[in-house]
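Structure at a glance
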Amino acid sequence: MKAFAFSQVPLTPDTYRAELADPAAGGYAAFEGWVRNHNEGHAVTRLEYEAFEALANKEGERIVAEAITRFGVLRAACVHRVGSLGIGDLAVWVGVSSRHRAEAFAACRYIIDEVKHRVPIWKKEHYENGDSGWVNCERCAHPHEH
Amino acid sequence: MTATLFGLVLAGGASTRMRTDKAALQYHGQPQLQWAFDLVSKVCAASFVSVRPDQRDDAARGSYPQIVDRQPGTGPIAGISAALLEHPKAAWLVLACDLPFLTERTLQHLIAHRDPHKIATAYRSAHDGLPEPLCAIWEPAARQPVLAYVASGKQCPRKFLINSDTALLDLPEPQALDNVNTVEEFGLATAALRPEGRTSKTVRIQYYAILREQAGRSEETVDTSAGTPAELYAELRQRHPFQLTSAHLKVALNSEFGDWQTPLKHGDTVVFIPPVAGG
């Protein structure tokens, strides 16, 4: 599988997990990000993810490669959803296989943290009261206006 | 008798919005203070730079004849009142140093239409019709009323001129007094002033997320004279209701992270990246 990919359709962690199998692996760690029904005090009803895929794919691949090098794991991959998601849907999956568990956990954590901060993916939340907003973009748009 | 005209370039501002000293910015291949000083020196008998006491020896200002604020902290009126006190028989052509579009022609027009019997001669702003105090001639007769105005705790030189006997002129070049206060305005101004920056190029801009919604489209192709992504974004903000400033964004050129100051090339694809939220 590709080290980093987007999917328009629901994620299938079992198939990804099988791809990380390696005879030298003593373990596998995964992280699944799920859509929750609340964020910062607002009741959330659904989400939309949008990505600048040409750059996001490159940056995502760089992150996975960094994790493999940095933590010495065997295989790693990340798949992220785009499109419309409901509560409980799987938004992102990260998997790592390695010889020992410590580096699998560490690499998994590194990948999800870096993906959140570096990859051009945006999340629009729709709220129970009918409002919607782009996460991290709405409040910073009014800096020190006079 | 008409009072001799001295020049005063105001360079005592804090440049808060620019976050860098406006006197040192370069629009014309030299520090803006030098450019403004040279311009005013062409049309005045003697010229000075207005500084705060703590700026007397700074590198950008130390080499000019100076007039030091006597009541620092009250803005440009401190510089104007200090000049009127220092040379009470002179009239003062007062000039802000953040006017990169100013021309000698606009100054000559002001001088030619000066009314020495008024308190001041000023241009009407091209934007709101109110007097522009920082490209204006202040007569010796302004001294007492300015001192009284400052003594009463007021600081706004524009309001002073509004409430004084001021001769008002229309600008011969409407954009001549457009001032530059922010990094984005600086980008636009340098692009407009740079001969090679005027070269038009075609670039494609792709919009995502909040910018896509605010632009009302996911991409557009524009002919622009913007020299860098910073200048391009400033230009696009004039056309689209983008609320995010460049400080909030990253930029990508041809599907790779880029720099705001990278020269734009014909045919580039540019993406402005709002704060991300994956995961």
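Each chain carries its own residue numbering, running from 1 in the direction its sequence is written. As they are written, the chains are lettered A onward and the ligands numbered 1 onward, keeping that order. With pLDDT at 70 or above as the cut-off, local features in this predicted model cover only qualifying residues; side-chain atom pairs require 80 or more to be listed or tallied, and sums for whole chains, interfaces and linings still use all residues. For side-chain calculations, the full set of non-hydrogen atoms in the structure is used, while hydrogens and water are omitted.

All names here are of chain A. Helix and strand definitions here come from DSSP, where helices need a minimum of 4 consecutive H or I residues and strands a minimum of 2 consecutive E residues; each element is numbered from the N-terminal end. You can see Val 79 is positioned in strand 5 (residues 75-81). When the C-alpha positions of Val 79 and Ala 91 are compared, they lie 8.6 Å apart, and in sequence the two are 12 residues distant. Contact between two residues is taken to exist if any of their heavy atoms lie within 4.5 Å; hydrogens are not considered. Val 79 has contacts with Met 1, Ala 5, Ser 7, Leu 11, Tyr 16, Ala 91, Val 92 and Trp 93, leaving out every residue within four places of it along the chain.

Attention now goes to helix 4 (residues 143-151) of chain B. Residue and element names in this part refer to chain B. Categorising residues by exposure relies on relative accessible area from a 1.4 Å probe, with only protein chains included: less than 20% of the type maximum marks a residue as buried, more than 50% marks it as exposed, and the intermediate range marks it as partly exposed. Every buried residue of helix 4 is accounted for by Val 146, Tyr 149 and Val 150. All buried residues of helix 4 project into a common sector of 95° when viewed along the axis, lining one side. Those residues of helix 4 that are exposed and aimed more than 90 degrees away from the buried face are Gln 144 and Ala 151. By arc we mean the arc of the directions from the helix axis to the C-beta atoms, nothing more.

As a further point, take the sheet that holds strand 4 (residues 91-96) of chain B. All names here are of chain B. In this description, strands pair whenever DSSP reports at least two bridges between them. As summarised here, the arrangement of the seven strands in space is 3-2-1-4-6-5-7, forming an open sheet in which the pairing is mixed. The sheet is open, and its two edges are formed by strand 3 (66-68) and strand 7 (166-169), each paired on a single side. Strand-to-strand twist in this sheet, taken as the mean axis angle between neighbours without regard to direction, amounts to 30°. Where strand 1 (residues 5-10) and strand 2 (residues 46-51) come together, five bridges link them in parallel fashion. Bridged to Phe 6 within strand 2 is Ala 46. To get an axis, fit a line to the C-alpha atoms, keeping to the stretch in contact for a helix; angles then go from 0 to 180 degrees between the N-to-C directions.

Before going further, it helps to spend a moment on the packing of helix 2 (residues 53-71) of chain A against helix 3 (residues 101-118) of chain A. All names here are of chain A. Direction vectors running N to C along helix 2 and helix 3 enclose 155°, while the axes themselves pass 9 Å from each other. Between helix 2 and helix 3, the angle is such that the two are roughly antiparallel. Handedness of the helix 2/helix 3 crossing: right-handed. Of the residues in helix 3, those touching helix 2 at Glu 59, Arg 62, Ile 63, Val 64, Glu 66, Ala 67, Arg 70 and Phe 71 are Glu 103, Ala 106, Ala 107, Tyr 110, Ile 111, Glu 114, Val 115 and Arg 118. Each residue gets one label: Ala, Val, Leu, Ile, Met, Phe, Trp, Tyr, Cys and Pro are nonpolar, Asp, Glu, Lys and Arg are charged, and the others, such as Gly, are polar. Looking at side-chain class alone, the contact of helix 2 with helix 3 contains nine nonpolar, no polar and seven charged residues. The labels follow the angle: roughly parallel below 35 degrees, roughly antiparallel above 145, roughly perpendicular from 65 to 115, and oblique for the rest. A crossing counts as left-handed when the near helix is turned anticlockwise from the far one by less than a right angle, and as right-handed when that turn is clockwise.

At the junction of the two partners, chain B supplies 22 residues and chain A supplies 30 residues. Buried area counts how much accessible surface, traced with a 1.4 Å probe, disappears from two parts once they are put together, with both parts' losses summed. When chain B packs against chain A, the two sides together hide about 2300 Å² of surface, and 60% of this comes from carbon and sulfur. We define a salt bridge as a contact between a side-chain nitrogen of Lys or Arg and a carboxyl oxygen of Asp or Glu at a distance within 4 Å. Our count for the chain B to chain A interface comes out at four salt bridges. Linking Arg 212 of chain B and Glu 50 of chain A is a salt bridge whose minimum nitrogen-to-oxygen distance equals 2.5 Å.

With that settled, consider unusual backbone geometry. Look at Asn 136 of chain A: it is not a glycine, yet its phi comes out positive at around 75°. By the secondary structure assignment, Asn 136 of chain A is in the segment after strand 9 (132-134). Even without a glycine there, the phi angle at Asn 254 of chain B is positive, about 50°. Here Asn 254 of chain B lies in the loop between strand 10 (250-253) and strand 11 (256-257). Its relative accessible area of 38% is what places Asn 254 of chain B among the partly exposed residues.

Residues and elements named next belong to chain B. Among all positions in helix 3 (residues 104-112), only Thr 106, Leu 107 and Leu 110 are buried. In an axial view of helix 3, the angular spread of the buried residues amounts to 100°, which keeps them on one side of the axis. For helix 3, the exposed residues set more than 90 degrees away from the buried face come down to Arg 105 and Ala 112.

We now examine the packing of helix 1 (residues 32-43) of chain B against helix 3 of chain B. Working note: a packed helix pair is described by the angle between its axes plus the distance between those axes. All names here are of chain B. Relative to each other, helix 1 and helix 3 sit at 40°, their axes nearing to 10 Å. With respect to helix 3, the axis of helix 1 lies oblique. The chirality of how helix 1 crosses helix 3 is right-handed. Two secondary-structure elements touch here, helix 1 through Leu 39, Val 40, Lys 42 and Val 43 and helix 3 through Glu 104, Leu 107, Gln 108 and Ile 111. Class assignment of the residues belonging to the contact of helix 1 with helix 3 gives a composition of five nonpolar, one polar and two charged.

Time to look at the confidence of the model for chain B. The predictor attaches a confidence to each residue, called pLDDT, with possible values from 0 through 100. With 97% of its residues at a pLDDT of 70 or more, chain B shows a mean pLDDT of 90. Ranking the elements of chain B by mean pLDDT puts helix 6 (residues 183-193) of chain B last, at 77, and strand 12 (residues 269-273) of chain B first, at 98.

Turning to the sheet that holds strand 2 (residues 27-34) of chain A, a few remarks are in order. Residue and element names in this part refer to chain A. Overall, mixed pairing links the four strands, which are arranged 1-5-7-2 in an open sheet. Every other strand in the sheet has two partners, leaving strand 1 (4-7) and strand 2 as the edge strands with one partner each. The average undirected angle you get between the axes of adjacent strands in this sheet is 15°. Examined bridge by bridge, strand 5 and strand 7 (residues 90-98) share six bridges and lie antiparallel to one another.

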